[in-house]
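Working through the structure, step by step
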Amino acid sequence: MSKQFTLASKFVALAALSISSVALLAAEVDYTKMTPEELAEYLIFEAGGFKLDQEVQEGGTTRQRMEQDWLQKTCSSIDGTRPDMETLLEVSKKARETITYPEDGIKLGDWKRGRDLAWSGYGFRVGHRVDDHESNDVGGNCYNCHQIGTDRTGGSIGPSLVGYGRIRGDSDAIKKYTYDVIYNSHSAFPCTNMPRFGPSNYLDQQSIADIMAYLLDPESPVNQ
C-alpha cells in the first residue's frame, strides 16, 4: 500500500468520524426548539467549538471573555434593532462613569508610535496563535473600521478620520472628547460597535495618548 493511499485513507476516516460526531450531536440536541438567543449560547458554551479553558492575556479564560456583561447584553440584538432612547441614555451614562483620566491631565503623546498602534491589530488573539504582549505592543486596530490616512487603505465600518485634527483643531475640549471616545466609545455613541479600550485595559493611557497624537498632531500624516 502506498504512503499516499495510506494518508488518503486516514483523511477519509477522520472525515467520517467528524460526520458521525456531528450527526450524534444533532441527534442529542434539537435546535428547532431553541430561541435564537438559546442557540447562540449553546453553540458558544456547550457545543465544544471553542477552547473555553484557554488562558487569555487579560487574565482568566476564554469562557470568561465570551460571557457578556450588562452593556453587551443590552446592546446585542438578534434582529439588529437598537434599544430605546431611555436605554441608550443609560448606556451612555454608565460608560462615562468608567472613564478615568491621567493624573497630569490629557496630553498628546508620540504620533509616530500612535500611527504604529492605529495600524496594528496585535494584542489579544487566542486560539492556535496567542499574542505575546512582551514581544509586541498592543495595537488599537483602528484601521479595520476607519480610513485614517491617505497613504494606506483602512476600513469603512466607522467614519473616516482623515483630517481629524485639521478639521477639529486640538483644543482641550477636542482632546477630552477624543480621549473619551477612545477610552469608552459608548460614552458618546451608546451601543456602538467600537471596543471599550479603557475599561477593558486593552489600551493603557500612554497608548491612548499616542493614538490621539496621531489623530490630532498637525505633523501627523492624518492631517496632511
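Please refer to the structure placed before this passage.
The paragraphs below set out a description of the structure included in this document. This is a predicted model, so every value here is computed, not measured.

1. Regarding the overall build of the chain
Of regular secondary structure, the chain possesses 9 helices and 0 strands. Helices and strands appear in the chain in the N-to-C order α-α-α-α-α-α-α-α-α. Across the 224 residues that make up the chain, the buried fraction comes to 32%. For the chain, the proportion of contacts with a sequence separation of at least 24, taken over those separated by at least 6, is 54%.

2. Focus: the nonpolar core
Residues Ile148, Ile182, Leu203, Ile208, Tyr214 and Leu215 are the most contacted members of the largest nonpolar core, which totals 25 residues. Of all the secondary structure elements, the ones that give two or more residues to this core are helix H6 (111–118), helix H8 (172–183) and helix H9 (205–216). The biggest single contributor to this core is H9, with 7 residues. Beyond its immediate stretch of four places on either side in the chain, isoleucine 148 contacts Ala118, Trp119, Cys142, Tyr143, Leu161, Val162, Tyr214, Leu215 and Val222.

3. Describing the side chain of serine 187
Mapped onto the elements of the fold, serine 187 is located in the loop between H8 and H9. At a separation of 2.7 Å, a polar atom in the side chain of serine 187 contacts the main-chain carbonyl oxygen of asparagine 184. Once residues lying within four places of it in the same chain are set aside, the contact partners of serine 187 are Ser92, Ala95, Arg96, Ile99 and Asp180.

4. Side note on the packing of H6 against H9
H9 packs onto H6 with a crossing angle of 100° between their chain directions and a minimal axis gap of 7 Å. One finds that H6 runs roughly perpendicular with respect to H9. Residue-level inspection shows Trp111, Arg113, Gly114, Arg115, Leu117 and Ala118 of H6 in contact with H9, the latter providing Gln206, Ser207, Asp210, Ile211, Ala213 and Tyr214. Among the residues forming the contact of H6 with H9, the class breakdown is 6 nonpolar, 3 polar and 3 charged.

5. Focus: the environment of asparagine 144
Positionally, asparagine 144 belongs in the loop between H6 and helix H7 (164–168). On the basis of relative accessible area, asparagine 144 is assigned to the partly exposed category, the value being 41%. For the pair asparagine 144 and glycine 121, spaced 23 residues apart in sequence, the C-alpha to C-alpha distance is 8.2 Å.

About the thresholds
- The residue count restarts for each chain, going from 1 along the sequence in the order it is written.
- Where totals are concerned, whole chains, interfaces and linings use all residues; where local detail is concerned, this predicted model gives features only for residues with pLDDT of at least 70, and gives and counts side-chain atom pairs only at 80 or more.
- With hydrogens and water excluded, all non-hydrogen atoms of the structure serve as input to the side-chain values.
- Secondary structure elements are defined from DSSP: runs of H or I of at least 4 residues count as helices, runs of E of at least 2 residues count as strands, and each element is numbered from the N terminus.
- When accessible area is computed with a 1.4 Å probe and restricted to protein chains, residues below 20% of their type maximum are described as buried, those above 50% as exposed, and intermediate ones as partly exposed.
- Two residues form a contact once any of their heavy atoms are found within 4.5 Å.
- Residues belong to a common nonpolar core when they are buried Ala, Val, Leu, Ile, Met, Phe, Trp, Tyr or Cys residues joined through side-chain atoms within 4.5 Å.
- Counting of polar contacts relies on pairs of N or O atoms within 3.5 Å, with two restrictions inside protein: one atom must be capable of donating a hydrogen and the other of accepting it, and residues adjacent in sequence are counted only when both atoms are side-chain atoms.
- In this description, a line fitted to the C-alpha atoms serves as the axis of each element, helices being fitted only across the stretch in contact, and the angle between N-to-C directions of two axes falls anywhere from 0 to 180 degrees.
- Working rule for angles: under 35 degrees goes down as roughly parallel, over 145 as roughly antiparallel, 65 to 115 as roughly perpendicular, anything else as oblique.
- Nonpolar residues are Ala, Val, Leu, Ile, Met, Phe, Trp, Tyr, Cys and Pro. Charged residues are Asp, Glu, Lys and Arg, and all others, Gly as well, are polar.

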